[in-house]
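The primary structure of each chain is shown beneath.
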Amino acid sequence: MTRGSFKRGLLAGSPFAPAIFSASILFAVSGAALGLPTWSLLLSSLLINTGTAQFMSVELLNQGANWVLVAVACLLVNLRFAIYSMHLTPITRQAPLFQRLLFLAFLTDEAYAMTGTRLSDSVPKQEIFSWASGILIATFLPWQLGTLTGALLGRYLPRWDLSITIPLTLLTCLILLLNQRDKILVACVAATAALLARGLPFHLGLPTAVGLGIATGSFLEYLARRRKQTPKLMIQEDLEGGLP
Amino acid sequence: MTPISITAMICATTAIGLGTLSFRLAFVLLERRGWLNHERMEKLKWVPTSVLSAMIAPALVPENSPPVEVIAALAAATTTIVCVLKKRNMFVAIILGSLVYGSILAFFS
């Protein structure tokens, strides 16, 4: 782990910290309002460590859903972490096993999105891993601290609607990824599909939208490959036709 | 508001936490056993864009939300996008976006 890269990562992740902190406070305040003790909210933040699943679990339990169904629905949404783990392999593979497992166990959406932009960098992967670890700390700690603050001091805080901060935080990460026309198209398809499919049972809308996004990207890639191959074939045919 | 059963909350939290942890770590363990090969998974490059877009859209525009909220969310998103594209600090982008959202809601309510 290189200290300089780690510090740069901390700095790169710090803009997200206030938004994550405030959203975490919101989670703790809404949980406490539903009668959940402080320790159970802290346990939720430490064990689950994903805002989407935490908000969803509290909301579904509040609606009277069975805990097994709640767990299944949240796990479907969290399935993305398996893909994150696979996708970041070129960077995490270089690290010692314990560091790698620790990094993936506490990985946040923001840290993943930021790290994903540097997958093809020519910088040594060990340095990128240190940088990503800095971002991870800068995004993981505010979530835990926010839960603690919200659970302990929630009743004294003003009632502001901070639910918009998390989508805006993720939006800033997404914009960094949209550096090609194909990626913009994939983002549009996935977003539209997510809006149209949100009525599906067990929150299957998210996996469906992600699947459609990947399918669109793969199709665009296939078209680009065909476009590249076609002129080559035409030149070959012309050459063969021109031979005596 | 009805209080949530603490037992149900603990059971759900433990199941989600352990399940998510296994998702996070499964690939490393499978790869170390040689059962998976990252190089074959080229399609994964579309994953971050798809996942983030699919998560952001419904969070920005919740189901059955009134038109004012939709307009406020779209204005906040536009502000954030413009700020990031203009190479402003991400923190400034998020704060400005949130302010726009709050101001529109406050103005119309």
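Residues numbered from 1 in each chain as written. Chains lettered and ligands numbered in written order. Predicted model: local features only at pLDDT ≥ 70, side-chain atom pairs only at ≥ 80, totals over all residues. Heavy atoms only, no water.

Asker: Go over the overall build of chain A with me, naming the residues and quoting the values.
Answerer: For chain A, the helix and strand inventory stands at 13 helices and zero strands. Along chain A, helices (α) and strands (β) appear in the sequence α-α-α-α-α-α-α-α-α-α-α-α-α when read from the amino end. Considered along the principal axes of its C-alpha atoms, chain A spans approximately 90 × 45 × 30 Å. Counting all 244 residues of chain A, 49% fall into the buried class. (Helix = DSSP H or I, 4+ residues; strand = E, 2+ residues; numbered from the N terminus. Buried < 20%, exposed > 50% of the residue type's maximum accessible area, 1.4 Å probe, protein only.)

Asker: Please give an account of the confidence of the model for chain A that cites residues and values.
Answerer: Within chain A, residue pLDDT values average 84, and 92% of them lie at 70 or more. Least confident of the elements in chain A is helix 13 (residues 205–242) of chain A, whose mean pLDDT is 79; most confident is helix 12 (residues 181–196) of chain A, at 92. (pLDDT = per-residue confidence, 0-100.)

Asker: For a nonpolar patch on the surface, give the residues involved together with the corresponding values.
Answerer: Residues and elements named next belong to chain A. Taken together, the side chains of Leu10, Phe21, Ile137, Leu141 and Leu145 make up a nonpolar region of the molecular surface, amounting to roughly 390 Å² of accessible area. Sort the elements by how many residues they give to the nonpolar patch and helix 10 (residues 125–153) lands first, with three residues. Looking at the element boundaries, Leu145 is found in helix 10. (Patch = residues over 30% accessible without salt bridge, like charges linked within 9 Å, V, L, I, M, F, W, Y side chains within 5 Å. Areas by Shrake-Rupley, 256 points an atom, 1.4 Å probe, with all protein chains shown as cover. Salt bridge = Lys/Arg side-chain N within 4 Å of Asp/Glu carboxyl O.)

Asker: Before we move on, can you summarise the interface of chain B and chain A with the specific residues and values?
Answerer: The interface of chain B with chain A comprises 65 residues on the first partner and 85 residues on the second. For chain B, the biggest contributors to the area lost against chain A are B:Phe23, B:Arg24 and B:Trp46; these three give 12% of the whole. The interface formed by chain B and chain A includes zero salt bridges. On the surface where chain B and chain A come into contact, there are seven residue pairs in polar contact (both at pLDDT 80 or more). Mapped by element, the contributors of at least two residues to the side of chain B that touches chain A are helix 1 (6–32), helix 2 (47–60), helix 3 (67–85) and helix 4 (90–108) of chain B. With 21 residues, helix 1 of chain B is the single largest residue contributor to the side of chain B that touches chain A. Here the residues of the side of chain B that touches chain A are counted per class, giving 43 nonpolar, 14 polar and eight charged. (Contact = heavy atoms within 4.5 Å. Buried area = accessible area lost by both parts, 1.4 Å probe. Polar contact = N/O pair within 3.5 Å; in protein donor to acceptor, adjacent residues only side chain to side chain. Nonpolar A, V, L, I, M, F, W, Y, C, P; charged D, E, K, R; others polar.)

Asker: Describe in detail the packing of helix 3 of chain B against helix 4 of chain B, supporting the description with residues and values.
Answerer: All names here are of chain B. Remark: helix 3 packs on helix 4, axes separated minimally by 8 Å, with the N-to-C direction vectors making an angle of 155°. Put simply, helix 3 runs roughly antiparallel to helix 4. For the pair helix 3 and helix 4, the crossing hand works out as right-handed. Contacts between helix 3 and helix 4 involve Val68, Glu69, Ala72, Ala73, Ala75, Ala76, Thr79, Thr80, Cys83 and Val84 on the former and, on the latter, Ala93, Leu96, Gly97, Val100, Tyr101, Ile104, Leu105 and Phe108. The residue inventory of the contact of helix 3 with helix 4, partitioned by class, reads 14 nonpolar, three polar and one charged. (Axes fitted to C-alpha atoms, helices over the stretch in contact; angles between N-to-C directions. Parallel < 35°, antiparallel > 145°, perpendicular 65-115°, else oblique. Left-handed = near helix turned anticlockwise from the far one by under 90°.)

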